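In case you want the letters, here they are:
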Amino acid sequence: MQIPVAPSTASSVLRTSGPKSADTPTHPLDPLSPDEIVAVSLAVRHHLVEHTSVRAVRFITNYLLPPPKRAVLAYLGIPLATGETVKDEDCVPIVRKAEVDFVDTVSGNAYNTIVALNNAEGTWNVESLVKLPEGSQPQISPGELLACEEIVRNDTRVQEFAKQVGVEPHQIFADGWTIGYDDRFPSSLRLQQAFLFARFSQHDNLYAHPLDFVPVVDMNARKVIHIDFYGTYPNVPASTQPPPLDKDSLEHAQRPRIPPPLAPQEFLPDLIEDAAKKEGREWKQREAPKPLHVVQPDGVSFKIDEHVLEWQKWKMHVAFSHREGIALSTITYNDDGILRPLFYRLSLAEMVVPYGAPDHPHPRKFAFDSGEYGMGTMANELSLGCDCLGRIHYLSGAYTGHDGSAVIINNVICIHEEDAGLLWKHTDYRTGGRGYCVRSRRLVVSMVCTLANYEYVWNYYFYQDGSIEFEIRLSGILQVYAAGPNEPTPYSVRVAPGINAHFHQHLFSVRIDPMVDGLANSVVETDVLPAAAGYGSSENFAGNAFQVHDRVLRRASEGARQWDAATDRRWRIVSAGKKHHATGQHTGYSVGVKGAVTPALPRPESWVGRRSTFTRNALWVVREKEDEREGGRMWPSGKFVPQAREEPADSLARWVRDDGDANIENEDVLVYVTVGTTHIPRPEDWPVMPVEHVRLTLKPNSFFSANPSLDVPGGKDEKSVPAFGANSATPGENCCA
């Protein structure tokens, strides 16, 4: 069976590279181009043939290994502290390198290799090749996810079990997930679990027809090696522990076979209308709202040179990442002619979606969507006028196919401007007083990713007041399973007849690599507390006093921090030497998590809890450590996430423990913020979910001398008119100028 290379979200596949051309990346952080991906793959193949016994490989990842931070900053002319000059010792040659993960399809062994570009010859050469330890698996590729469905559909046992509940082989569809955790199987196997559904017509919503069993697939052997059946809640005390592999799974489940619900649960308008007609009723879309166009007759206000984006005093590098989706780097602000560094890199570093049902095999259902599959590899080609409105600039992205080709996604990153309401306003209410208001414009850098049933929208917003907002929007379709008649549902919600959706969480780790007025930064924790002196005292006679208590985090052992609602806890990242002229505080940026902090509900010692220790705290601070071979500290749950069974050595909580009393004050530090949402499904989330929002903000705090948006013009929109004619409203004359 031939494994597909690319999913429907991809645009094209490049299998042969051309000569070195004008589109060769010119910035040290530019992602690998499609030609480079193909050339790197070829270099790896040549090395394997000449120096090893490996002959058949499946490429999993192939991406830029970022150069050292100080070298990049020196190359770009960004000083290590505001007001200083670039140091000569930091101006070193930058070697372009790629990092590649692949699987030997004969032995099943996985490898990691570093490949370097020889600029003089224009050739790529393997620098190192490392076999991964048993139990370490690179990401699951899109091709493997597609292959899993074909393997399952062609398995005779799967076909037999499906026929027993009325489903024919051609109607079997599967969402492949990594196995999660199941120590009944050898750690050396590369496994997927397949959540099964039936599809009764070409574009039928398959999630409306869940099947009641889960095959386990060995992806190297390309075969189903086990089948699990869902248990039933009345027998939970006897069924939460997985049965031995040699025990009949159906017998262990103590649950009668449940046919998939047959009723259509469509979300495509034409299919909803067809289904309604078959039921003898009429359905039609509501009257559409009147057109609302985003028009910029004079063009956009941003400039872009390849991947370098400038807008309203902001400047940054925007890149596609196969794992993080969007990676924003070297973010600076032009403060009246002074270049002020802010953040070296912002990105989604990891996420996990734990589901809350304890009966086997549901506990295996927890997805590390970034580390196990990759946000970039699951990204959509965006549509003009649908995903993004107005005047749009797109960037494309590329990742490796399993055959070493470059899978290209056109229009994968969307860049545009939006009106964002009022930026600021004040009116002197006194007779003859003046008023003034300024509208806010924001720059948007966005991506949309499809992870099987779920959609994630990633929006980075940049504002004219120096603020940054990272907004996550969640949509798509609930992960569901077949519910028996009158079954209790203590861990789920019956969103439609015969269809259960489990309680679950979405927990995200956002990696902030700060350089606020320079690389030497600290983190200050602030609690807001009532004054210690009580009502009636000489210090607080009226009893109304409250004040802030600051604490600088100085040691690595202090770097794991909980959010405290009772003290309205907040944090700010501050510079080492630069202070505000009025407050006397070090210049900084506040991290805003209020409304986004969500405690992880699985127990810390649980399968998912041991693997996702980053979820235990709202904020982590660690010292950056760059390795010559693998770069800096990046991944909160480790570099190789699939099938990990314990806390990885190269993970966030381990870094904090291992660093012990190491200094994190006035150092090159990393800040990881955990945000998320707990989803108790509603029927209104079915059959497709209205978006849910999660937001994280970064706001200047004693960074600027005053409101940095005072210089934003307050123009009036001449296209704005009364809604119902000239007599329906009296336009104000004293607000915008």
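Here, every reference points to the structure presented above.
Our subject in this report is the structure included herewith. (Residues numbered from 1 in each chain as written. Predicted model: local features only at pLDDT ≥ 70, side-chain atom pairs only at ≥ 80, totals over all residues. Heavy atoms only, no water.)

## Thoughts on helix H4 (residues 156-163)
Move 1: By the burial criterion, the buried members of H4 are Val158, Gln159, Phe161 and Ala162. Here the buried residues of H4 occupy an arc of 165° about the axis, which is enough to place them on one side.
Move 2: As for H4, its buried residues are in contact with helix H3 (142-153), strand E6 (172-178), strand E7 (191-198), strand E8 (213-218) and strand E9 (223-229).
Move 3: Sitting at the head of H4, Asp155 places a side-chain oxygen 3.0 Å from the backbone nitrogen of Arg157. (Buried < 20%, exposed > 50% of the residue type's maximum accessible area, 1.4 Å probe, protein only. Helix = DSSP H or I, 4+ residues; strand = E, 2+ residues; numbered from the N terminus. Arc of directions from axis to C-beta. Contact = heavy atoms within 4.5 Å. Polar contact = N/O pair within 3.5 Å; in protein donor to acceptor, adjacent residues only side chain to side chain.)

## Regarding the packing of aromatic side chains
Move 1: Scanning the model with the defined rule gives 26 aromatic pairs in all.
Move 2: Seen in terms of ring centroids, Tyr456 and Trp458 are 5.6 Å apart; in terms of plane orientation they differ by 20°. Their pairing is stacked.
Move 3: With relative accessibility at 0%, the residue Tyr456 sits in the buried group.
Move 4: On the numbers, 4.9 Å between centres and 80° between planes, the contact of Phe703 with Phe704 is edge-to-face. Assigned by exposure class, Phe703 and Phe704 land together as buried.
Move 5: For the cation-ring pair, Arg340 lies above Phe704, with the distance from its terminal atom to the ring centre recorded as 6.0 Å.
Move 6: Across the ring face of Tyr461, the terminal group of Arg442 is positioned such that the distance to the ring centre comes to 3.6 Å. (Phe/Tyr/Trp six-rings, centres within 6.5 Å; stacked < 30°, edge-to-face > 60°. Lys NZ or Arg CZ within 6 Å of the ring centre and 35° of its normal.)

## Observations regarding the state of the cysteines
Move 1: Tallied over the entire structure, the rule returns 1 disulfide.
Move 2: The partner cysteine of Cys388 in its disulfide is Cys414, sulfur to sulfur 2.2 Å. Of the two residues, Cys388 is situated in the loop between helix H8 (369-373) and strand E16 (393-400) and Cys414 in strand E17 (residues 406-427); the sequence distance between them amounts to 26 residues. (Disulfide = S-S within 2.5 Å.)

## A look at the sheet that holds E9
Move 1: Pairing in this open sheet of 4 strands is antiparallel, and the strands run E6-E7-E8-E9 from one edge to the other. Strands at the two margins of the open sheet, each flanked by one partner only, are E6 and E9. On average, each strand axis in the sheet is tilted by 30° relative to the strand beside it, whichever way the strands run.
Move 2: In this sheet, E9 lies alongside E8 in antiparallel orientation, the contact comprising 6 bridges. Counterpart to Val216 in the pairing with E9 is His226.
Move 3: Against the sheet, H3 engages E6, E7, E8 and E9, with an angle of about 130° to E6.
Move 4: Contacts between H4 and the sheet are confined to E6, E7, E8 and E9, with E9 contributing the most and set at about 30° to the helix. (Pairing = 2+ DSSP bridges. Axes fitted to C-alpha atoms, helices over the stretch in contact; angles between N-to-C directions.)

The values are spatial; any link to function lies outside them.
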